[in-house]
Amino acid sequence: MGPLTDVWIDVTEESAIGAVRRAAADRAAAAGLPEQRVAEVAIVAAELAANVQRHAGSGSILVRRGPGSVEIVAADSGPGFDPRPVEGLSSRGGLGIGVGAIRRLSDWSDVYTQPEWGTVFAVRIGETGPLDVSGLTRPMPGEDSGGDAYAWRTDGETITLMLCDGLGHGPLAAFAASAAVRAFEDAPAGPPAQLVKHVHGEISHTRGVAVAIAQAEGGALTFSGLGNIAATVVHQGDHRGLISLPGIAGHRAAAIRQYDYPLPPGALIVMHTDGLRQRWTFRDYPGLVTRRSLVVAGTLLKDLGVRRDDAGVLVARMPS
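The model shown is predicted, which means the values in this text are computed figures rather than measured ones.

A.B. asks: I would appreciate a short explanation of the sheet that holds strand β14 (residues 268-272) in the present structure.
C.D. replies: In sheet architecture, strand pairing relies on hydrogen bonds along the backbone and comes in two forms, parallel and antiparallel. Pairing is antiparallel across the open sheet formed by five strands, whose spatial order is β6-β15-β14-β11-β12. The sheet terminates laterally at β6 (132-138) and β12 (238-241), the two strands that pair on one side only. On average, each strand axis in the sheet is tilted by 15° relative to the strand beside it, whichever way the strands run. For strand β11 (residues 230-235) and β12, the ladder comprises four bridges, and the chain directions are antiparallel. From the neighbouring strand, H235 faces β12, where its bridge partner is D238. Strands β6, β14 and β15 (311-317) of the sheet are contacted by helix α6 (residues 293-304), whose axis makes an angle of about 25° with β6.

Structural data, given as structure tokens:
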């Protein structure tokens, strides 16, 4: 990601609006967006922050850059709102550009909101890819870096997802997670158990990670995991949990196995670390299963994230 890493900004007072705007503009410029698009990123970021602060009172905003793009996720626990675009209207004294204008300035946007629950609003400005795959991580409060990390790769028609959780917190956990991501990305193509074994063998110099790898090809999913990573396939209201075995990649792996599951078109794969509460269902979030993967990830992180731990979630929607 380079020197401008993902940044979470707590929006509790009006001064945070400028911080969000500057963070977004800096990342847009670093991503190589043209000057006009950088200005539009700044407008969208400021409006989202203003709406959080003035409509909900407080919340959190993530700003991050990718290859040729910027993503912004705004999450709050306010009263919710009607997500239908209303031109020229903004919540309680924002910049006045309105939800419709935010959507026009973004290459895509999506929102999940419920009365008295709050809102998760996500936008991307810049390049977009063909896959609906998104991950979010958040370090434990008080830490600058966290031990949860994710990656995904495509090998031909095969999509492979990886989520890991470095033991403990802080820089050493982050170092272990980064090493696991590099090992996953550098490994030869292969099935999940082979990839887990590769990660296990490459990170013995670290404190180790819990790791899970899910591989989708055609209508089948193959899954292999070591440690406490939760994974679920969701389709038409049905939740199927995936099996992960005890162990610590890099240190202890009595058994590394993989398991096969059906993967219907349009299904969601949801993976998360133990920084999110384990007991949940999409039935608790009416309509969420239809939202983009970044909104699903943001909603689960907002609602289920444990504040005394790093948290990470990875969501992928299969093509219909």
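A.B. asks: Honestly, the sheet that holds strand β5 (residues 118-126) in this entry has me stumped. Any pointers?
C.D. replies: Strand order across the open sheet formed by five strands is β1-β2-β3-β5-β4, with antiparallel pairing between neighbours. Where the open sheet ends on each side, the last strands, each with one partner, are β1 (7-11) and β4 (108-114). Strand-to-strand twist across the sheet, computed as the mean angle between neighbouring axes with direction ignored, equals 10°. Strand direction decides the pairing type here: strand β3 (residues 69-76) and β5, joined by eight bridges, are antiparallel.

A.B. asks: Honestly, the pattern of salt bridges in this entry has me stumped. Any pointers?
C.D. replies: As a working rule, side chains carrying opposite charge can pair if their charged atoms are close by. Applying the stated criterion to the full structure yields eight salt bridges. Here R54 and E14 are joined by a salt bridge, their closest N and O atoms 2.4 Å apart. Taken together, the residues R54 in helix α2 (residues 35-56) and E14 in the loop between β1 and α1 (15-30) connect sequence positions 40 residues apart. Residue classification places R54 among the partly exposed positions, given a relative accessible area of 22%. We note a salt bridge from R37 to D107, for which the minimum N-O separation is 2.7 Å. Here D107 lies in the loop between α3 (98-105) and β4 and R37 lies in helix α2, a separation of 70 residues in the sequence. A residue is classified by how much of its surface remains accessible, and D107, at 43% relative accessible area, is partly exposed. What emerges from the salt-bridge pattern is a single network uniting R37, E40 and D107.

A.B. asks: When you look at the confidence of the model for the protein chain in this model, what are you seeing that I'm missing?
C.D. replies: Any region with low pLDDT has predicted coordinates that should not be read closely. With 94% of its residues at a pLDDT of 70 or more, the protein chain has an overall mean of 92. Counted against residues more than four places away or in other chains, residues 86-96, with its pLDDT under 50, gives 30 contacts.

A.B. asks: Can you walk me through the side chain of D165 in this structure?
C.D. replies: Among the secondary structure elements, D165 is positioned in strand β8 (residues 158-166). Look at D165: it is buried, it has no salt bridge, and the nearest opposite charge is R207 at 8.9 Å. With sequence-adjacent residues up to four places away left out, D165 is seen in contact with G147, D148, G208, V209, A210, I229, T273 and D274.

Reading the values: rules and limits
- Counting of residues starts from 1 at the beginning of each chain's written sequence and follows it residue by residue.
- At least 70 in pLDDT is required for a residue's local features to be given in this predicted model, at least 80 for side-chain atom pairs to be given and counted, and no such filter applies to totals for whole chains, interfaces and linings, which use all residues.
- Excluded from the side-chain calculation are hydrogens and water; included are all heavy atoms of the structure.
- DSSP calls a pair of strands paired once it identifies at least 2 bridges connecting them.
- Each helix is a run of DSSP H or I of at least 4 residues and each strand a run of E of at least 2, with the numbering of both proceeding from the N terminus.
- Axes, fitted as lines to C-alpha atoms, cover a helix only where it is in contact. Angles between the N-to-C directions of the axes lie from 0 to 180 degrees.
- We call two residues in contact when some of their heavy atoms are within 4.5 Å.
- By salt bridge we mean one thing: a side-chain nitrogen of Lys or Arg within 4 Å of a carboxyl oxygen of Asp or Glu.
- For the exposure calls, accessible area comes from a 1.4 Å probe over protein chains only, and a residue counts as buried if that area is under 20% of its type's maximum, exposed if over 50%, partly exposed in between.
- The predictor attaches a confidence to each residue, called pLDDT, with possible values from 0 through 100.
- None of His or the chain ends enter the tally, which takes Lys and Arg as positive and Asp and Glu as negative.

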